[in-house]
Amino acid sequence: MPMLLLALSWLLGFVATAADPCPLWMPKVFGTHMVLQRNMAVPLWGRAMPGTEVRIALYKEDLLLEQTAVPAADDGSWRVKLQARAAGGPFRLEVRAQQDTLLLEDVWFGEVFLAGGQSNMEWQVQQALHGQEEIAAAHFPLVRFFKVPHNKQPAVQEDVAGGQWQVGSPATVAEFSALAYFFARDLHRLKNIPVGILQATWGGTPVEAWMPREALLANSWSAPAAQAADSITVAHFKQDSLDLLRFWELVYQEPTQLEARLSAPDYDDSHWEEVEMPVTMADWDRDAYEGIVWLRKTFVLPESLLSDSLELELGRPELNYSVFVNGHLLARNVWNAEEQHRYTLPPEFLLPGKNLLTVRMAFLWGGGGFSPRHGPMQLRGNSGSLALSGRWKYREDLEPSLPLIRNYHRYPAFLYNGMIAPLVPYGLAGFLWYQGEDNVASPEAYAELFPLLISQWRTLFGKDDLPFVFVQLANFLPEQEEPDESSWAPLRAAQERALHLPAAGMVVSTDVGNPHNIHPLNKQEVARRMLLQMRELLYGEELQAGGPRPGTLEVQGSVVELTLEGMGTPASACSLVRPEDRLEGFELAGADGCYHTASVQRSGAQLRLESPRVPRPCSVRYNWFDNPPGRLYNVWGLPLRPFERLVNK
């Protein structure tokens, strides 16, 4: 039930956010403990009774530093700008209108960043590498977060659904964005200034959800979906929430009578279909299916294993499942986070000779089945093992169908409406962004939409060159031994195209990922790289923060000579070589466009690439894999970015 409630709260995410009926009102982002952007005229805004004079005063202890007054417009809105101030505090802000007063205390001026994206930006400190140690050491009262609650909306909202500024401490940081927290903490340590983070994140969301409707309508990739979303109302959200509740009830339910019948050795499964296991839905030669699937495997236990202590190894089943042996429940697994799944078999579960293994599995979101890449399916004992791969029986539609979930939080502009628009135009130093996994299937569209998001956000927050630092997708999925088609490499290339915009910085992370987990745990290293980028873009430091990149490419016969740029300035060429460098991932292609692995000879920043299968190279690419094998770093420990380039004849 806790998982059910968590799932429900994750996707419900819609809250009406009308302005407070009190005559004097300000958005929730203005509050006690807030950080305001230093060195700029900071905008403040809100509502009051039309025509009422709104008076704003800023104090340092009892010293009045500035005051101003503005009348509320006919619609009750008002807006002022505070004078630009250097980093410091604490201050007290008083806002008055007639008899109403808003008192905001412990206010500081510093750097403020909007951290946005999907689950890798949402990933919490407590979930990160050494999470508990990081929480215990989080004594940083001038690192502050405002977490915007999940809120999908079909129309632009005036305020966020909730939230308050939190001061960084062991009691508060556990649920902060790990990436944004480590970035803010390290910047605070470096510059000794307050750092505020506006966190607006939601896992499993595409870039379109975070963009304003007007921008989406102007783009041919997104216009049809944006127009279709105009018919959606909050009533649709409510029905979808009810359907979602039913969805997870069906997935998590324990149908005891059905389980007992279908897991019994004497149940007649002769009419069931067969499938060769291990296989996942992605590679299964059949139509996609979403629902509960029952699978059965009969095996004969040899006498040599009868007296052994046996382990059941299932490789890596995808998604939720329950497993039974001869009708006995062995385990229930509500998610597939572990790389391999092993269970000790109680001796009383087994029979001499013929036995039955039964699995109830949820096939969801295009996933389901047993992954063939994560170890064998077998029974293993001291005396040997028994393979459980091969022909399995399976049957669908034995349980009620799962309702169709619309996932309105993924619809164009709906998260912008409820989570970004209410923050505009809060004063910012820049943006932090980690997103793209949800757009892997459409890199061509992303190449246009992502730069459009950057430009739109900058315009909305009042400065066309606000630094925007984003993370290129990390390595994920098992490594490929030979060149092959990659679904992640084109999206990485689409992300890189945003670098044509001014003050945009990209963090390469193809060396910190996990082939079995889409959420890399080492957010500290990614934050370090983000901070290097921001130091260049915001403070003008020269750090080679963009990392190595391909420079000149020339062909000498069958050899491609590549010069790398952005390597830094070491004392000698040989000092560029690092112990962790792996000169892999380079490929060459001829006129036919077919890539083959290239051998590499290196001298500092100079590389010589060659493949006996490509006598006349026409193009070169590097780390063009889902999970790239190459590791080549500059003096700052930043990896060479993936690329694909034509060569000069």
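See the structure printed just above.
Bear in mind that the values here come from a model prediction, so they are computed numbers and not experimental data.

1. Section: the overall build of the protein chain
For the protein chain, the count of helices and strands is 13 helices and 33 strands. Relative to a compact globule of 649 residues, whose C-alpha radius of gyration would be 26 Å, the protein chain shows 28 Å and is just as compact. Along the first, second and third principal axes, the C-alpha atoms of the protein chain reach 90 × 70 × 50 Å. The buried share of the protein chain, reckoned over its 649 residues, is 56%. When the accessible area of the protein chain is evaluated, it comes to approximately 27,300 Å², of which 50% is carbon and sulfur surface. Within the protein chain, one finds 55 positive and 76 negative side-chain charges whose respective centroids are separated by 3 Å.

2. What about the pattern of salt bridges?
When the charged atoms of two side chains lie near each other, side chains of opposite charge can form a pair. Summed over all chains, the structure comprises 34 salt bridges. For Arg92, the salt bridge goes to Glu94, with nearest N and O atoms at 3.0 Å. The same class applies to Arg92 as to Glu94, namely buried. Put simply, Glu565 and Arg549 hold a salt bridge, and the shortest N to O gap is 3.6 Å. In this pair, Glu565 is assigned in strand E27 (residues 559-565) and Arg549 in strand E26 (residues 549-556), connecting sequence segments 16 residues apart.

3. Some thoughts on the packing of aromatic side chains
Applying the stated rule across the entire model yields 33 aromatic pairs. Considering the side-chain rings of Phe91 and Phe109, the 5.3 Å spacing of their centres and the 90° angle between planes classify their relative orientation as edge-to-face. You can see Phe91 sitting in strand E6 (residues 88-97) and its partner Phe109 sitting in strand E7 (residues 100-117), a full 18 residues away along the chain. A residue is classified by how much of its surface remains accessible, and Phe109, at 0% relative accessible area, is buried. Arranged with centres 5.3 Å apart and planes meeting at 25°, the rings of Tyr446 and Phe450 form a pair that is stacked.

4. Digging into the sheet that holds E27
One open sheet accounts for four strands, arranged E26-E27-E31-E30; its pairing is antiparallel. Pairing within the sheet leaves two strands with one partner each, and these edge strands are E26 and strand E30 (599-603). Each adjacent strand pair in this sheet contributes to an overall mean axis angle of 25°, direction not counted. With four bridges connecting them, E27 and strand E31 (residues 606-610) associate as antiparallel partners. Following the sheet pairing, Leu562 is matched in E31 by Leu607.

5. What to know about the sheet that holds strand E33 (residues 643-646)
The pairing of strands in a sheet happens through backbone hydrogen bonds and is either parallel or antiparallel. Here we have four strands laid out as an open sheet, ordered E29-E28-E32-E33, and antiparallel in their pairing. Among the strands making up the open sheet, the edge pair consists of strand E29 (595-597) and E33. Here the average twist between neighbouring strands, direction ignored, is 25°. Relative to E33, strand E32 (residues 619-622) runs antiparallel, the two sharing four bridges. Note that in E33 the partner of Arg621 across the bridge is Glu644.

6. Brief notes about the side chain of His188
Within the element layout of this structure, His188 appears in helix H4 (residues 178-191). Excluding anything up to four places from it in sequence, His188 contacts Phe140, Leu142, Val143, Ile193, Pro194 and Val195.

7. Thoughts on unusual backbone geometry
In terms of backbone geometry, most residues other than glycine have negative phi values and most peptide bonds are trans. Omega for the bond connecting Gly89 with Pro90 falls within 30 degrees of zero, at 0°, which places this linkage in the cis form. Following the sequence through the fold, Pro90 ends up in strand E6. Residue Met277 is joined to Pro278 through a cis peptide bond whose omega torsion reads 10°. Here Pro278 lies in the loop between strand E11 (273-277) and strand E12 (291-301). Even without being a glycine, His33 presents a positive backbone phi close to 75°. Positionally, His33 belongs in the loop between helix H1 (2-12) and strand E1 (35-37). Phi at Asn326 is positive, roughly 50°, even though this residue is not glycine. Looking at the secondary structure, you find Asn326 in the loop between strand E15 (321-325) and strand E16 (328-333). Residue classification places Asn326 among the buried residues on the basis of a relative accessible area of 10%.

Rules behind the numbers
- Going along each chain's sequence as written, the residues are numbered from 1 onward.
- For this predicted model, a pLDDT threshold of at least 70 governs which residues receive local features, and a threshold of 80 or more governs which side-chain atom pairs are given and counted, while totals over whole chains, interfaces and linings are taken from all residues.
- Calculation of side-chain values draws on the structure's entire complement of heavy atoms; hydrogens and water are dropped beforehand.
- Helix numbers and strand numbers start at the N terminus; a helix is a DSSP run of H or I with at least 4 residues, a strand a run of E with at least 2.
- We take the radius of gyration over the C-alpha atoms and set the globule estimate at 2.2 Å times the residue count to the 0.38 power.
- Exposed residues in this analysis have more than 50% of their type's maximum accessible area, buried residues have under 20%, and partly exposed residues fall in between, with area computed by a 1.4 Å probe over protein chains only.
- Under the convention used here, a 1.4 Å probe and the Shrake-Rupley method define accessible areas, while residue burial counts only the protein chains that appear.
- Counted charges follow a simple rule, with Lys and Arg positive, Asp and Glu negative, and His plus the chain ends left uncounted.
- One atom stands in for each charge, and that atom is NZ of Lys, CZ of Arg, CG of Asp or CD of Glu.
- Between Lys or Arg on one side and Asp or Glu on the other, a salt bridge is scored when a side-chain nitrogen of the former is within 4 Å of a carboxyl oxygen of the latter.
- Classification of ring pairs rests on two measures: the distance between centres of Phe, Tyr or Trp rings, Trp counted by its six-membered ring, which must be within 6.5 Å, and the angle between planes, read as stacked under 30 degrees, edge-to-face over 60 and tilted in between.
- Pairing between strands is defined by DSSP: at least two bridges between them are needed.
- Orientation is described by axes fitted as lines to C-alpha atoms, over the contacting stretch for helices, and by angles from 0 to 180 degrees between their N-to-C directions.
- Throughout, a contact is declared for two residues whenever any of their heavy atoms are within 4.5 Å.

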